[in-house]
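Letter by letter, the chains look like this.
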Amino acid sequence: MKTKSPLMLMPLILAVLFVGCGKGWEMDYGKPAAQFHEQDLLVKGKNFVGKKITAKGVVKKVDTSDPDSAWIILSEGTRCNFGDFRAMAESVKPGDTIYVDGFLKRCEKGEIVIDPAMSRDPKAHFEPK
């Protein structure tokens, strides 16, 4: 039986990496579809449910009581699930202004959720809608 050259398998390996990584790949390298100040999310964010966004807000609370999820709640009530990034969530304190990248999961009055979420460099480009 003839073995295939590793170079011939490279397209298959690359396809698996890009397709199989899904949101993880987009979280790290994908550009946000839009950027918002937290107070504008309810009005302007509805068309971006399911898409990666950036939100700028003030931390109201950090909740790491659930061993499977670390949550940051922003001042207007936006809940950001940092999941396993517990240290990242614990590195901020109430009153801190942060930038959160993540997928807008829900955008309804009383329930705005970014999940999964992670903090990002505050010096990175930010141009809210």
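Our subject is the structure that appears above.
Computed from a prediction, not measured in an experiment: that's the story for all the values here.

Visitor: What's the story with the overall build of the protein chain in this structure? I'm lost.
Guide: A count of helical and extended segments in the protein chain gives four helices and six strands. When its helices and strands are written in sequence order, the protein chain yields α-α-β-α-β-β-β-α-β-β. Per-residue burial for the protein chain yields a buried fraction of 33% across its 129 residues. Contacts spanning at least 24 positions in sequence make up 52% of the contacts within the protein chain whose residues lie at least 6 apart. Of the roughly 8300 Å² of accessible surface on the protein chain, 57% is carried by carbon and sulfur atoms.

Visitor: I keep staring at the nonpolar core and nothing clicks. Help me out?
Guide: As a rule of thumb, nonpolar side chains are buried together in soluble globular proteins. In this structure, Ile72, Cys80, Phe82, Leu104 and Ile114 are the most contacted members of the largest nonpolar core, which totals 21 residues. Among the secondary structure elements, those contributing two or more residues to this core are β1 (34-37), β2 (52-66), β3 (69-74), β4 (79-83), β5 (97-108) and β6 (111-119). In terms of residues, this core owes the most to one element, β5, which gives four residues. Not counting chain neighbours up to four residues away, the residues in contact with Cys80 comprise Ala70, Trp71, Ile72, Leu74, Val100, Ile114 and Ala117.

Visitor: In this structure, what is going on with the side chain of Asp115? I would like to understand it.
Guide: For Asp115, the location among the structural elements is in strand β6. When sequence neighbours within four positions are dropped, the list of residues in contact with Asp115 reads Asn81, Phe103 and Lys105.

How each quantity is defined
Residues numbered from 1 in each chain as written. Predicted model: local features only at pLDDT ≥ 70, side-chain atom pairs only at ≥ 80, totals over all residues. Heavy atoms only, no water. Helix = DSSP H or I, 4+ residues; strand = E, 2+ residues; numbered from the N terminus. Buried < 20%, exposed > 50% of the residue type's maximum accessible area, 1.4 Å probe, protein only. Contact = heavy atoms within 4.5 Å. Areas by Shrake-Rupley, 256 points an atom, 1.4 Å probe, with all protein chains shown as cover. Core = buried A, V, L, I, M, F, W, Y, C linked by side-chain atoms within 4.5 Å.

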